[in-house]
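Chains, contacts and geometry: an overview
Residues per chain, in single letters:
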Amino acid sequence: MTSVQEAAERLARATAQARPVAPVRDLIGTGDLDAAYAVQQELTRRRLAGGAVVVGRKIGLTSPAVQAQLGVDQPDFGVLFADMDVSALPEVPSERLLQPKAEAEIAFVLKADVTDPARVRDTVGYAVAALEIVDSRIAGWDITLADTVADNASSGLYVLARHRLTLDEFQPREAPMRLYADGVLVSEGSGAACLGDPLNALAWLARTALAFGEPLRAGQVVLSGALGPMVPALPGTRIRAEVGELGEVSAVFSEKRDG
């Protein structure tokens, strides 16, 4: 078994047993992003073989502060699967999560395939406010860039608001964000905190996806990155975000069921 396969097995075990595992950097190193993305691709391949459907991508590490904390100078990305969208559920199923945190974002829904990253704005059908529920299969969030890339960019679940705006109707970089947990303000930021503009993050992803031979496609959802610090999302918590003209998005995390 190769180191990539071993790392994929370790992360898959965390999901299957609902128990975080040790970091995978002992297997793939801390500086080999090709190996880290190979682990992510192996886990994606397994999910697709099991019937999962890809519906988009998420962008992570878009905040300069978080990049500095991890000693990196670039974002990363992960894959969104259809079953990660819990927008229609009355509660976020906490039993599907290990160590969740929530962050407010702008999600773009594409109306065309992205073949030219320089014209990515023209491919956006509309934007909505979103909550990304990030989660780590790695115990204690003890992660380096390689660990989080391998772990599908620490993806969990996500919630999309219903109110839609086109890019003619608002400027993503100017959108203010306030995030509340049980009515208490716990995080603030703006579109400018996401690589200077969430559209910059989208263009980065478009270039990177093309380089991987898997371009962004019409109809896909892109979570463009956090607009402010992420916060814990414990069972029973209500998280609500206000994202400028996009309005509100909220979710209640269910109480964890025994067993």
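Higher on the page you've got the structure.
Residues numbered from 1 in each chain as written. Predicted model: local features only at pLDDT ≥ 70, side-chain atom pairs only at ≥ 80, totals over all residues. Heavy atoms only, no water.

Taken as a whole and judged by the stated rule, the model has three aromatic pairs. Centroid distance Y37 to F212: 5.1 Å. Interplanar angle 65 degrees. Geometry classified as edge-to-face. Taken together, the residues Y37 in helix α3 (residues 33-49) and F212 in the loop between α6 (198-211) and β8 (221-226) connect sequence positions 175 residues apart. Residue classification places F212 among the partly exposed positions, given a relative accessible area of 31%. The interplanar angle of 85 degrees and the centroid separation of 5.4 Å between the aromatic rings of F77 and F212 together place this pair among those described as edge-to-face. (Phe/Tyr/Trp six-rings, centres within 6.5 Å; stacked < 30°, edge-to-face > 60°. Helix = DSSP H or I, 4+ residues; strand = E, 2+ residues; numbered from the N terminus. Buried < 20%, exposed > 50% of the residue type's maximum accessible area, 1.4 Å probe, protein only.)

Let us look at the environment of R162. With respect to the element layout, R162 can be found in the loop between β5 (157-160) and β6 (176-181). Placed 151 residues apart in sequence, R162 and L11 show a C-alpha to C-alpha distance of 33 Å.

Tallying each qualifying case throughout the model produces 16 salt bridges. Between D26 and R10 there is a salt bridge, and its shortest N-O distance comes to 2.8 Å. Taken together, the residues span a long stretch of sequence, with D26 in helix α2 (residues 25-28) and R10 in helix α1 (residues 3-17) at a distance of 16 residues. The exposed category is assigned to D26, whose relative accessible area is 55%. By relative accessible area, R10 is classed as buried at 15%. Note that R47 is salt-bridged to D83, the shortest N-O span being 2.7 Å. With R47 in helix α3 and D83 in the loop between β2 (76-81) and β3 (101-110), the pair connects residues that are 36 residues apart, well separated along the chain. Taking relative accessible area as the criterion, R47 reaches 32% and is therefore assigned partly exposed. One salt-bridge network, in which partners are shared between bridges, spans E9, E42, R45 and R46. (Salt bridge = Lys/Arg side-chain N within 4 Å of Asp/Glu carboxyl O.)

Attention now moves to unusual backbone geometry. Residue L61 is not a glycine yet carries a positive backbone phi of 55 degrees. Mapping L61 onto the fold places it in the loop between β1 (54-60) and α4 (64-70). Its identity is not glycine, yet A153 carries a phi of approximately 55 degrees, on the positive side.

For E105, the position within the fold is in strand β3. Here E105 sits buried without a salt bridge, and the closest side chain of opposite charge, K58, lies 5.7 Å off (N-O distance). In this structure the side chain of E105 is engaged in a polar contact, spanning 3.0 Å, whose partner is the backbone nitrogen of G225. Setting aside chain neighbours within four positions, we find E105 in contact with V128, A129, A130, E132, L223, S224, G225, A226, L227 and V243. (Lys, Arg positive; Asp, Glu negative; His and termini not counted. Polar contact = N/O pair within 3.5 Å; in protein donor to acceptor, adjacent residues only side chain to side chain. Contact = heavy atoms within 4.5 Å.)

Between α1 and α3, the least distance of the axes is 9 Å, while the angle of their chain directions is 55 degrees. Here α3 runs oblique to α1, going by the angle between their axes. The two elements α1 and α3 meet at a crossing, and its hand is right-handed. Side by side, α1 and α3 meet where V4, Q5, A7, A8, E9, L11 and A12 of the first sit next to A35, A38, V39, E42, L43 and R46 of the second. Grouping the amino acids of the contact of α1 with α3 by side-chain chemistry returns nine nonpolar, one polar and three charged. (Axes fitted to C-alpha atoms, helices over the stretch in contact; angles between N-to-C directions. Parallel < 35°, antiparallel > 145°, perpendicular 65-115°, else oblique. Left-handed = near helix turned anticlockwise from the far one by under 90°. Nonpolar A, V, L, I, M, F, W, Y, C, P; charged D, E, K, R; others polar.)

All right, on to the nonpolar core then. Counting residues in each nonpolar core, the largest one holds 73 residues, and the members touching the most others are I28, V39, V92, I106, L216 and V243. Take this core: its biggest share by element is eight residues, from α6. Setting aside chain neighbours within four positions, we find L216 in contact with R57, L110, D113, V114, L202, L205, A206, A209 and V222. (Core = buried A, V, L, I, M, F, W, Y, C linked by side-chain atoms within 4.5 Å.)

Attention now goes to the pairing of strand β7 (residues 184-190). Pairing of β6 with β7, which is carried by six bridges, proceeds in the antiparallel orientation. Within β7, the position partnered with R178 by the bridge is E188. Joining the antiparallel neighbours β6 and β7 is a turn of two residues, in which D182 adopts a positive phi near 50 degrees. (Pairing = 2+ DSSP bridges.)

The subject of this paragraph is α1. In an α-helix, one turn spans 3.6 residues, which is why side chains three or four residues apart end up on the same side. Given a rise of 1.5 Å per residue, 15 residues ought to cover 21 Å, and the 21 Å separating the end C-alpha atoms of α1 matches this to within 8%. Regarding α1, the residues found buried are V4, A7, A8, R10, L11 and A14. On an axial view of α1, the arc spanned by its buried residues comes to 160 degrees, and they lie on one face. Looking at the buried positions of α1, the neighbouring elements they touch are α2, α3 and α5 (145-150). Count one or two residues on from α1 and you reach A18, which has phi positive near 55 degrees. (Expected span 1.5 Å × (residues − 1). Arc of directions from axis to C-beta.)

In short, geometric facts, not functional conclusions.
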